[in-house]
Amino acid sequence: MIRINCPVCGLRDETEFTYGGDASVTRPPIDDTQLSSWMDFVFMRDNPRGEHREFWHHVQGCRQWLVLERNTANHAIGSCTLAAGRGT
Amino acid sequence: MGKYSAFSVFRHALTGNRNWQRAWRDPEPKSAYDVVIVGAGGHGLATAYYLAKEHGIRNVAVIEKGWLGGGNTGRNTTIVRSNYMMPGNTRFYERSLRLWENLSHELNYNVMFSQRGQYGLCHSPAQMDAARRRGNIMRANGIDAQLLSREQVQARLPYIDYSQNARFPIHGSLYQGRAGTARHDAVAWGYARAADGQGVDIIQQCEVLGYLWENGNIVGVETTKGDIKAKKVALAVAGHTGHLAEKANLRLPIETHCLQAFVSEPLKPLVDTVISFGGAHFYISQSDKGGLVMGGDLDGYNSYAQRGGLPIVEHSLASAKALIPGVSRLRLLRHWAGVMDMSMDGSPFITKTPVDGLYLNGGWCYGGFKATPASGWCYAWTIAKDEPHEDNAEFTLDRFERGYQIDEKGAGPQPNAH
């Protein structure tokens, strides 16, 4: 069981959250007509073995989107911050 | 290498089984090969076998960082089926099933392929409609499929929950009679022995650290046993594809996720077929040793840990009990996890890459075991001829760019949803 330190609710079980994927990808500007930049955003991932920044949605808690640092090799949890205001 | 037969079993029994030869050699790597395959799982070994047998390319090494068949080949739930309906998948998986049907004979090794049938249960009229559509597409492609009513399912599988209170009532099932299970380790061992018999070097405990480059092309691999030159380097390392692609500066439409499987304590024959639950993501069969073999959903977040969490244990076993209430007091004997290449559309890659000299086989999601023979067969074709066979022509990396995803489940670019 992964336990996530929600900045609003405190330490909660992973079952209260849904996973939102890699938080390092950024959405291109809406007027970007390059196919490749949208391809990268929608489909391509670094998929690291180790430190990973990722979105989680505290869907059964405060309903905030969070950015969590987690190690994909051993599931160790790092910092957890609100995603709001990070501008993606 | 001696041929295995009933006679050889009898003859070796007379001498106390002391004189069996080892099934494959344990060579040191040569300095150069025509093809180096990275990963001695089912897919890599099958590729080596078909390269030698179908294309006459015998100067081949399969290198493996651990031991042969120790990755997902030894961690799956051994189900073989070909109930796919998307163009690109349908013919490929049917080729695989046809190769399975003759595999023990072909390899002179008993892979214990048992065509015990597979039921895909439906729990609503909408699921029945979807099953009817899938079955029709399969039949149009010459693949066996039968739509069964609730009564037909009840006559065949009396032990699942047909009560008024069932959380997911049984409306019927799509049934593929030629589907079944196989002995997963034997598939790796059979292909290893047959490839070795064709002259392929299988080199275990040899990890790839990087690639040898020449003018921007890959011309070999750096390993813990030294540099090995190769005209072609072929990855077959599903689960760890991202890691080895990164060393070749490739970014892929793949995330690595963890999938758990479970085996119960052994019991007398109960489930003599393969059942896929339609109410949640869950499937069950019974091994020859008597254990119920079960699998469920991904844990849902990127992971290379080969170790899952308890929420999915609970989810999978709750599904088991919802489907077959009689299993409620069984104990689990083992559970484990494998790491999957989850691609962005749920379908695999068997293709050349943008880097000359590097070939890719990966992105198998849940479906790698059943694909083993056709994956090896098509990958060998692609490596030998530098172009895909028509059965793997759609499994390219550029399908995302072109808008030709093969999204069997219609889940969109969400790797944890496939």
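Each value, and the rule that gives it
- Residues numbered from 1 in each chain as written.
- Chains lettered and ligands numbered in written order.
- Predicted model: local features only at pLDDT ≥ 70, side-chain atom pairs only at ≥ 80, totals over all residues.
- Heavy atoms only, no water.
- Disulfide = S-S within 2.5 Å.
- Buried < 20%, exposed > 50% of the residue type's maximum accessible area, 1.4 Å probe, protein only.
- Pairing = 2+ DSSP bridges.
- Helix = DSSP H or I, 4+ residues; strand = E, 2+ residues; numbered from the N terminus.
- Axes fitted to C-alpha atoms, helices over the stretch in contact; angles between N-to-C directions.
- Salt bridge = Lys/Arg side-chain N within 4 Å of Asp/Glu carboxyl O.
- Contact = heavy atoms within 4.5 Å.

Q: Help me understand the state of the cysteines, please; the structure alone is not making it clear to me.
A: With the rule as written, the count across this model stands at zero disulfides over all chains. The closest cysteine sulfur to the non-disulfide-bonded Cys9 of chain A is located on Cys62 of chain A, 3.7 Å from its own sulfur. Free of any disulfide, Cys378 of chain B has its nearest cysteine sulfur in Cys365 of chain B, 17 Å distant. Judged by its relative accessible area of 0%, Cys378 of chain B is buried.

Q: Any chance you could explain the sheet that holds strand β3 (residues 18-22) of chain A here in plain terms?
A: Strand pairing in a sheet relies on backbone hydrogen bonds. The paired strands run either parallel or antiparallel. All names here are of chain A. One open sheet accounts for four strands, arranged β3-β4-β5-β6; its pairing is antiparallel. The open sheet has two free edges, formed respectively by β3 and β6 (77-82), since each of these has just one partner strand. Taking the axes of each pair of neighbouring strands and ignoring which way they run, one obtains an average angle of 30° across the sheet.

Q: Just to check I follow, could you spell out the pattern of salt bridges for this structure?
A: Pairing of side chains with opposite charge becomes possible as their charged atoms draw close. Residue and element names in this part refer to chain B. Summed over all chains, the structure comprises 28 salt bridges over all chains. The shortest N-O distance in the salt bridge between Glu390 and Arg91 comes to 3.6 Å. You can see Glu390 sitting in the loop between α10 (368-385) and α11 (399-402) and its partner Arg91 sitting in helix α3 (residues 90-101), a full 299 residues away along the chain. The class for Arg91 is partly exposed, based on a relative accessible area of 46%. Here Asp288 ties to Arg116 by a salt bridge, and the two come within 3.4 Å at their closest N and O atoms. Taken together, the residues span a long stretch of sequence, with Asp288 in the loop between β14 (282-286) and β15 (292-302) and Arg116 in the loop between α4 (103-107) and β4 (118-122) at a distance of 172 residues. Connected through shared salt-bridge partners, Glu94, Arg98, Glu101, Asp144 and Arg178 make up one network.

Q: For this particular structure, what's the right way to read the sheet that holds β14 of chain B?
A: All names here are of chain B. Read across the open sheet, the eight strands follow the order β5-β6-β4-β13-β14-β15-β12-β16; overall the sheet is mixed. Two strands lie at the open edges of the sheet, namely β5 (146-149) and β16 (332-343), each paired on one side alone. Strand-to-strand twist in this sheet, taken as the mean axis angle between neighbours without regard to direction, amounts to 25°. With three bridges joining them, strand β13 (residues 274-277) and β14 adopt antiparallel strand pairing. Following the sheet pairing, Ser276 is matched in β14 by Tyr283. Along the sheet, helix α9 (residues 310-323) contacts β4, β12 (254-264), β13, β14, β15 and β16; its crossing angle with β15, the most-contacted strand, is approximately 140°.

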